Amino acid sequence: MARANRLRCLAALAAPSLLLACSGETASEPAPAETTAAAASSAAAPADPTALAVDGEGLRLFDPASGSARPLPFGTPWQRAVMALGFLGEPLTGRNEECEAGPLDFARWDGWLTLYGQDGAFVGWFADTGATGRIATAAGVGPGSTRADLEAAYAVKVLESSLGTEFVAGDLYGLLDSPHPDSPITALWAGTSCNFR
């Protein structure tokens, strides 16, 4: 993909999600004073130009103007990872005690991106259909991309599982609406997540 096209794709990014079959969540909303301050700050300041890309090793923050990238890998201290995405707004945060991987902290942005933390470290992310057109990998593949798009960018294994039509593409995992080539990606994740099989 040409650099200009890649930057256009990345500029359109940004993801929580459905926690598949999870229960026992506790969540906290930002305090009213924090919400008011954040709203005033965002109204007074220009939009942050940072773009976000997902990959199998974590996240990448891009400056579309310069093309420079900064990795946010799995293992980053949890609070630092959440703060690095402050340009997305205030997340819903909480803890899910009943994931198969054990208790997971989460930070969820407006129903399209969820980060997961465990033992004080960033360990995974999940994006679903709410992230369509808002987040993708550096190769331009994200929720809403088709199976054909996915297979053009990655070596992919597709299988039927208890979650549905699932795929593995290196360290990326996800779900397709069906096995057909024009079927869209309905969920995409990497690292530790709260999916029950």
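Conventions we followed
- Residues numbered from 1 in each chain as written.
- Predicted model: local features only at pLDDT ≥ 70, side-chain atom pairs only at ≥ 80, totals over all residues.
- Heavy atoms only, no water.
- Helix = DSSP H or I, 4+ residues; strand = E, 2+ residues; numbered from the N terminus.
- Buried < 20%, exposed > 50% of the residue type's maximum accessible area, 1.4 Å probe, protein only.
- Areas by Shrake-Rupley, 256 points an atom, 1.4 Å probe, with all protein chains shown as cover.
- Disulfide = S-S within 2.5 Å.
- Core = buried A, V, L, I, M, F, W, Y, C linked by side-chain atoms within 4.5 Å.
- Contact = heavy atoms within 4.5 Å.
- Phe/Tyr/Trp six-rings, centres within 6.5 Å; stacked < 30°, edge-to-face > 60°.
- Salt bridge = Lys/Arg side-chain N within 4 Å of Asp/Glu carboxyl O.

Caption draft 1: Highlighting the overall build of the chain. On a plain count of helices and strands, the chain comes out with 4 helices and 12 strands. Counting the 197 residues in the chain, one finds 41% classified as buried. For the chain, the computed accessible surface area is about 9,300 Å², with 54% contributed by carbon and sulfur atoms.

Caption draft 2: View of the state of the cysteines. Counted by the stated rule, this structure contains 1 disulfide. Here Cys99 is linked by a disulfide to Cys194, with a sulfur-sulfur distance of 2.0 Å. Negative torsions about the S-S bond denote left-handed disulfides, and the value of about -100° found for Cys99 with Cys194 makes this one left-handed. Linking Cys99 in the loop between strand E5 (92-96) and strand E6 (104-109) with Cys194 in the segment after strand E12 (185-191), this pair joins segments that are 95 residues apart in sequence.

Caption draft 3: Quick look at the nonpolar core. Of all hydrophobic cores here, the largest spans 29 residues; its most connected members are Leu59, Leu85, Trp109, Leu113, Leu115, Trp125 and Ile135. Element by element, the count of residues in this core is highest for helix H3 (residues 78-84), at 4 residues. Not counting chain neighbours up to four residues away, the residues in contact with Leu115 comprise Leu59, Trp78, Ala81, Leu85, Asp105, Phe106, Ala107, Trp109, Phe122, Gly124 and Trp125.

Caption draft 4: Expanded view of the packing of aromatic side chains. Overall, the coordinates contain 2 aromatic pairs when judged by the stated rule. When the ring of Phe74 is compared with that of Phe122, the centres are 5.0 Å apart and the planes differ by 65°; the resulting orientation is edge-to-face. In this pair, Phe74 sits in the loop between strand E4 (69-73) and H3 while Phe122 sits in strand E8 (residues 121-128), placing the two residues 48 residues apart along the sequence. Taking relative accessible area as the criterion, Phe74 reaches 25% and is therefore assigned partly exposed. When the ring of Phe126 is compared with that of Trp189, the centres are 5.7 Å apart and the planes differ by 15°; the resulting orientation is stacked. Placement of the pair is Phe126 in strand E8 and Trp189 in strand E12, with a sequence separation of 63 residues. Considered together, Phe126 and Trp189 belong to a single accessibility category, that of buried residues.

Caption draft 5: Just the side chain of Ser193, in detail. Position of Ser193 among the secondary structure elements: in the segment after E12. Excluding its chain neighbours within four sequence positions, the residues that come into contact with Ser193 are Ala101, Leu104 and Tyr116.

Caption draft 6: Geometry of the pattern of salt bridges. If you walk through the whole model with that rule in mind, you get 4 salt bridges. The residue Arg95 makes a salt bridge to Asp105 at a minimum N-O spacing of 3.0 Å. Here the residue Arg95 occupies a position in strand E5, and Asp105 occupies one in strand E6, the gap between them amounting to 10 residues. According to the relative accessible area criterion, Arg95 is partly exposed, its value standing at 31%. Note on Asp105: relative accessible area 17%, which makes it buried. Residue Arg147 pairs with Glu151 through a salt bridge whose shortest N-O separation is 2.9 Å. Taken as a pair, Arg147 and Glu151 lie in helix H4 (residues 147-153) at a separation of 4 residues, close to a single helical turn. Given a relative accessible area of 18%, Arg147 falls into the buried group. When its relative accessible area of 38% is taken as the criterion, Glu151 is described as partly exposed. Because the salt bridges share partners, they merge into one network encompassing Arg95, Glu97 and Asp105.

Caption draft 7: Representation of unusual backbone geometry in the model. Here Asp110, not a glycine, exhibits a phi torsion of approximately 45°, which is positive. As for its placement among the helices and strands, Asp110 is situated in the loop between E6 and strand E7 (113-118). The exposure class assigned to Asp110 is exposed, which follows from its relative accessible area of 67%. Even without a glycine there, the phi angle at Asp119 is positive, about 55°. Considering the arrangement of structural elements, one finds Asp119 in the loop between E7 and E8.

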